[in-house]
Amino acid sequence: MKLLYLLMFFLFVFFSVLSGCSDSGTVITPTAIVATQTPAPTSVKTITPTPVHQTINPTGGTVTYGKASIKFDAGSVNYDVDINESIEADDYIPSISTDGYLYDFSLEDPNAYNPDHRATITLPLEDVPDPDIDGLTIYHSKDKINWESLGGTVNGEYITAEVPGFSYFTVGEAPIKNPQVDAKIASFVTTTSPGASVIVISNGKIVHRAGYGVKDISNNNAITSETIFHLGSMAKQITADGVLMLVDEGKVKLDEPIGTYLPGLSRFGTNVTVRRMLNHTSGMPDYSESGTLYDQFADAYSKPYNQDALNFLSVNGTMKFTPGEKHAYNNTGYDMLGCLIEKVSGLPFQTFMQQRIFNPLKMSNSFAHPNPGRLSAPNLAHSYERRDGQITAYDSSRMDYLGGSGGVYSTIEDMYLYDQALYTDKLVKQTTLAEAFKPALLNNGTLYPYGFGWDIGTRNGKNYVKHDGRWLAFNSNYVRFPDQKLSVIILLNRDYDIPDLSDLGMSIADLYL
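Here the structure is a predicted model, which means the values were calculated and not measured.

Undergrad: Explain the pattern of salt bridges here, please?
TA: Should their charged atoms come close, side chains of opposite charge can pair. Tallied over the full model, the rule gives 14 salt bridges. Residues Glu249 and Lys251 are paired through a salt bridge, measuring 3.4 Å at the closest nitrogen-oxygen approach. Exposure remark for Glu249: the relative accessible area of 34% places this residue in the partly exposed category. Taken together, the shared-partner salt bridges connect Asp255, Arg275, Glu435 and Lys438 into one network.

Undergrad: Is there a simple way to explain the side chain of Thr332 in this structure?
TA: Among the structural elements, Thr332 can be located in helix α7 (residues 331–345). Note on Thr332: relative accessible area 0%, which makes it buried. When near neighbours in sequence (up to four residues on either side) are disregarded, Thr332 contacts Pro285, Asp286, Tyr287, Ser288 and Leu313.

Undergrad: Help me understand the packing of helix α3 (residues 236–248) against α7 in this model?
TA: Relative placement of two packed helices is described by the angle separating their axes and the distance separating the axes. Closest axis-to-axis distance for the α3/α7 pair is 10 Å, and the angle between their directions is 35°. Classified by chirality, the crossing of α7 by α3 is left-handed. In contact with Lys236, Thr239, Ala240, Gly242, Val243 and Leu246 of α3, α7 contributes Asn331, Tyr334, Leu337, Gly338, Leu340, Ile341, Val344 and Ser345. Here the contact of α3 with α7 is composed, by residue class, of eight nonpolar, five polar and one charged.

Undergrad: For this particular structure, what's the right way to read the nonpolar core?
TA: Considering soluble globular proteins, one finds that nonpolar side chains tend to be buried as a cluster. If you look at the biggest cluster of nonpolar residues, it comprises 76 residues, and the most contacted ones within it are Val274 and Met336. Residue contributions to this core peak at seven residues, all from α3. Among all residues touching Val274, those that are not within four sequence positions of it are Val243, Val252, Lys253, Leu254, Glu256, Ile258, Tyr261, Leu337 and Leu340. In this structure, Ile185, Phe188, Tyr464 and Leu501 belong to the second largest nonpolar core, which totals 21 residues.

Undergrad: In this structure, what is going on with the sheet that holds strand β22 (residues 408–410)? I would like to understand it.
TA: Whenever strands of a sheet pair, they do so through backbone hydrogen bonds, lying parallel or antiparallel. Strand order across the open sheet formed by three strands is β18-β22-β19, with antiparallel pairing between neighbours. Both outer strands of the open sheet, β18 (229–230) and β19 (367–368), are each paired with one neighbouring strand and no more. Alignment of β18 against β22, held across two bridges, turns out to be antiparallel. If you follow Phe229 over to β22, its bridge partner there is Ser410.

Undergrad: Honestly, the packing of helix α6 (residues 306–313) against α7 in this entry has me stumped. Any pointers?
TA: Interaxial distance between α6 and α7 falls to 9 Å at its minimum, and their mutual angle equals 115°. By the angle between their axes, α6 is roughly perpendicular relative to α7. Crossing hand, α6 versus α7: left-handed. Within the contact between the two elements, α6 uses Asn306, Ala309, Leu310 and Leu313 and α7 uses Thr332, Asp335, Met336, Gly338, Cys339 and Glu342. Looking at side-chain class alone, the contact of α6 with α7 contains five nonpolar, three polar and two charged residues.

Undergrad: Can you help me understand unusual backbone geometry in this one?
TA: Peptide bonds are trans in most cases, and residues, glycine excluded, mostly fall at negative phi. Residues other than glycine seldom take positive phi values, yet Asn220 does so here, at roughly 60°. Here Asn220 is to be found in the loop between β16 (214–216) and β17 (221–222). A residue is classified by how much of its surface remains accessible, and Asn220, at 25% relative accessible area, is partly exposed. Look at His280: it is not a glycine, yet its phi comes out positive at around 60°. You can see His280 is positioned in the loop between α4 (274–278) and α5 (292–300).

Quick notes on the rules
- Residues numbered from 1 in each chain as written.
- Predicted model: local features only at pLDDT ≥ 70, side-chain atom pairs only at ≥ 80, totals over all residues.
- Heavy atoms only, no water.
- Salt bridge = Lys/Arg side-chain N within 4 Å of Asp/Glu carboxyl O.
- Buried < 20%, exposed > 50% of the residue type's maximum accessible area, 1.4 Å probe, protein only.
- Helix = DSSP H or I, 4+ residues; strand = E, 2+ residues; numbered from the N terminus.
- Contact = heavy atoms within 4.5 Å.
- Axes fitted to C-alpha atoms, helices over the stretch in contact; angles between N-to-C directions.
- Left-handed = near helix turned anticlockwise from the far one by under 90°.
- Nonpolar A, V, L, I, M, F, W, Y, C, P; charged D, E, K, R; others polar.
- Core = buried A, V, L, I, M, F, W, Y, C linked by side-chain atoms within 4.5 Å.
- Pairing = 2+ DSSP bridges.
- Parallel < 35°, antiparallel > 145°, perpendicular 65-115°, else oblique.

Next up, the structure:
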């Protein structure tokens, strides 16, 4: 309590001195900064600093917080803040945190924001994800919604800029934006509504990257390029990659019956092959469809995992059609491919994804189900639906812990890494991966334009592969033009008042083709 009273006394003196200085002409005039209004910064790398006890000296002293050096120029009052402890007060107590941003230095009372207070911020570059330091800038905001780019001077291993205090600040890459893409998203997203994260990749370079709207309408936290979304069925190609990795290792054969690896599914016959499950021509029953089979599955398991699904399908359901007769989208088939990965690799689905795909590609904000801690991920977006006329968060489903048909969370930054890996042998040999982009061969000799988790087609004479996703109230679209090395990825945290995402993705791609 003594510390608190002392703080309040010093801060009272601090603001009294500031008030008195306004007439004496002793207030330091801030250096002019040319700033442009931008959405929330992208490529923000959150650092967990080492807490230290320091005296903040606004007359020119330096406070060291982890690896950040903050030089204050805001008056003549010294005050002592022990940032190992949580300080509670009503107003004017500086707080330092990492609430989804690199560093925050703010006031508890947002009305106390004072643009005349200045701070020179020096931040290390070693934890910034993109080595292209020419594109870096420091941003500041007094509300975490509207951001100003302050630029920054790169000197050796640090970037320095003068920031209006007391405001939030962060370092990241300067936004790479196409106003035509912005306009398309602005047609259905506002700065305070659930929104989107969009990236466009051309010849290995990011040519557009931006977040729109908010990830949580309860606090208006803005969506950035590192906001985490559920991919929905857009993750099917990632499941297919897992299977193809096992093919590369000689542990799985595409034209082998699924029953070879999952004996419980042998009852569906030898023509239900791994390949046919990958391209949705297996004819297997699908418990994800509404009807008797779904009701039986839901009654049997309140929150099913992959093994539960496999056990259920081993004794329930009948074939929908002769394998290879036609294409019929089948989520259950991909859940069984998740079971295949688990059985052959000896790893849980989520562990396989983490160890074999996400970690090697440095997809640091990606994870797969089941993951009980997913709702506590700091950058996670909530998804929203309109229910009874109200915009309502839709955060979970009893089917959340099935992995294979979906079950992957990621960001556009991580998906950029994934997209680029598909041009290499990092995950799957190119000769093996080519199978994923072949149309399905039906029994009558015709081809159906679907590969292994990819719709296949042409647009204006150019070949593409794509896939949409939807789960909870998340929506997604991923389109690739491999010959042109162009990709568009759209992630949404809403399912109301939105355009057809496949059309939107194609219209964005058209801007670059």
